[in-house]
Amino acid sequence: GPAARCEGVVRIYSSPTGEVHALKGVDVTVPVGRTTALTGPSGSGKSSLLRILAAQDRPTAGHAEVAGRSLAGLSARGLRALRRRHIGYVFARPTDNLLRHLTAAEHLATAGRLRRVPRGEAREEADHLLELLHLTARAHHRPGEMSGGEQQRLAFAQAVVGRPALVVADEPTGELDTATTHDLLDAVRALTRTGTSVLMATHDPLAVEAADHALHLRSGTVAHELLDGRRLAVV
Ligand code: ADP
Ligand code: ADP
């Protein structure tokens, strides 16, 4: 099946001034081994949908699943387990993803332990990821000794250790300059070629262009969708 899927997802928030209908019946499929970009103006529901697909929140109504597991059937503890095993997460700000006192190799080893990857396997995977993302020379450096672009590539490497079903990224290029953004998007492409499924919320046209699949939200619904450059009909 797909990495994640939503069908008729509704998310309503209650606020002192009344209900906010943030998502009004969203159907989305996040394909395996592709990069999906989630776009839309501020207030269109991107964060709400991202939180649901990252198993941080549950829909008010409708069906949402990640790695084949329905979110509706899970307790808070079940959601936490699902996140730990099956979802990697990348924040916009590189330093938010990393710990100051750990080297790159130690970040990856820690992620391996969290996902219960056997130690030898985790080591091999870490070496492979460092090479794939051009970080081998940084293996024994701490974040303070790395550029923002290197930090964000390490954040993706860390998110991918143990092969979670889905990597969710919130504006991953938001803090990067153009040259570094290109390097990061190349790194994301390299990861999707190895079978990783990435969902990123973004305002960055470069990131949308680099994605295989793009979903555009408007007022809590999918306004249009592109898959491999083809426009999909949205009813
Ligand atoms: P962005 O526009 O960068 O996507 P927002 O500013 O809409 O993000 O939201 C940032 C955070 O604030 C979100 O995690 C969201 O849950 C929360 N938030 C947004 N709007 C409200 C609101 N009206 N009441 C309470 N929390 C809100
Ligand atoms: P985006 O990420 O596209 O900016 P959001 O999903 O953050 O959109 O917000 C969609 C709508 O839901 C907005 O009107 C926002 O103010 C509202 N909203 C988001 N989070 C909350 C919340 N926790 N409580 C109340 N309203 C919220």
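- The chain is annotated in an unreviewed UniProt entry as Putative ABC transport system ATP-binding protein of Pseudokineococcus lusitanus.

1. Some remarks on the site of ligand 2
(1) Moving on: Around ligand 2, a shell composed of Y13, V20, A22, P41, S42, G43, S44, G45, K46, S47, S48 and R51 is seen.
(2) Moving on: Within the contact set of ligand 2, an oxygen atom lies 3.1 Å away from a backbone nitrogen or oxygen of S44.
(3) Moving on: About the coverage of ligand 2: the protein hides 63% of its 560 Å² of free accessible area.
(4) Moving on: Taken together, the elements giving at least two residues each to the shell around ligand 2 come down to strand 2 (18-30) and helix 1 (46-53).
(5) Moving on: Element by element, the count of residues in the shell around ligand 2 is highest for helix 1, at 4 residues.
(6) Moving on: In terms of residue class, the shell around ligand 2 is built from 4 nonpolar, 6 polar and 2 charged.

2. Structural notes on a negative patch on the surface
(1) Moving on: A cluster of acidic residues, E121, E124, D127 and E131, forms a negative patch on the protein surface.
(2) Moving on: With respect to the helices and strands, the residue E131 is situated in helix 4 (residues 119-132).
(3) Moving on: On the accessibility criterion, E131 (58% relative accessible area) is exposed.

3. Regarding the site of ligand 1
(1) Moving on: If you check the shell around ligand 1, you find S42, S47 and R51 and nothing else.
(2) Moving on: One nitrogen or oxygen atom from the side chain of S42 is found 3.1 Å from an oxygen atom belonging to ligand 1.
(3) Moving on: Note that an oxygen atom of ligand 1 is positioned 3.0 Å from one of the side-chain N or O atoms of S47.
(4) Moving on: In the complex, 25% of the free accessible area of ligand 1, which totals 550 Å², lies under the protein chains.

4. A word on a positive patch on the surface
(1) Moving on: Taken together, the side chains of R69, R77, R80, R84, R85 and R116 define a basic patch exposed on the protein surface.
(2) Moving on: Here the positive patch gets 4 residues from one element, more than from any other, and that element is helix 2 (residues 76-86).
(3) Moving on: Locating R116 in the fold gives a position in the loop between helix 3 (104-114) and helix 4.
(4) Moving on: The class of R116 is exposed, set by a relative accessible area of 55%.

5. Section: empty space enclosed by the protein
Over the atoms rolls a probe the size of a water molecule, and its path tells where empty space is left.
(1) Moving on: Counting across every chain of the model gives 1 cavity of 30 Å³ or more.
(2) Moving on: One number sums up the size of the largest cavity: a volume of about 30 Å³.
(3) Moving on: In terms of lining residues, the largest cavity is bounded by T35, L185, V188, R189, M200 and A210.
(4) Moving on: At 3 residues, helix 6 (residues 178-193) tops the list of elements feeding residues into the lining of the largest cavity.
(5) Moving on: Class assignment of the residues belonging to the lining of the largest cavity gives a composition of 4 nonpolar, 1 polar and 1 charged.

So, how was this worked out
Residues numbered from 1 in each chain as written. Chains lettered and ligands numbered in written order. Predicted model: local features only at pLDDT ≥ 70, side-chain atom pairs only at ≥ 80, totals over all residues. Heavy atoms only, no water. Near = heavy atom within 4 Å. Polar contact = N/O pair within 3.5 Å; in protein donor to acceptor, adjacent residues only side chain to side chain. Areas by Shrake-Rupley, 256 points an atom, 1.4 Å probe, with all protein chains shown as cover. Helix = DSSP H or I, 4+ residues; strand = E, 2+ residues; numbered from the N terminus. Nonpolar A, V, L, I, M, F, W, Y, C, P; charged D, E, K, R; others polar. Patch = residues over 30% accessible without salt bridge, like charges linked within 9 Å, V, L, I, M, F, W, Y side chains within 5 Å. Salt bridge = Lys/Arg side-chain N within 4 Å of Asp/Glu carboxyl O. Lys, Arg positive; Asp, Glu negative; His and termini not counted. Charge placed at Lys NZ, Arg CZ, Asp CG, Glu CD. Buried < 20%, exposed > 50% of the residue type's maximum accessible area, 1.4 Å probe, protein only. 1 Å grid on protein atoms, 1.4 Å probe; cavity = no way out; pocket = protein on both sides within 12 Å on 5 of 7 lines; lining within 4 Å. Points joined across faces, edges and corners; volume = space filled by probe spheres on them.

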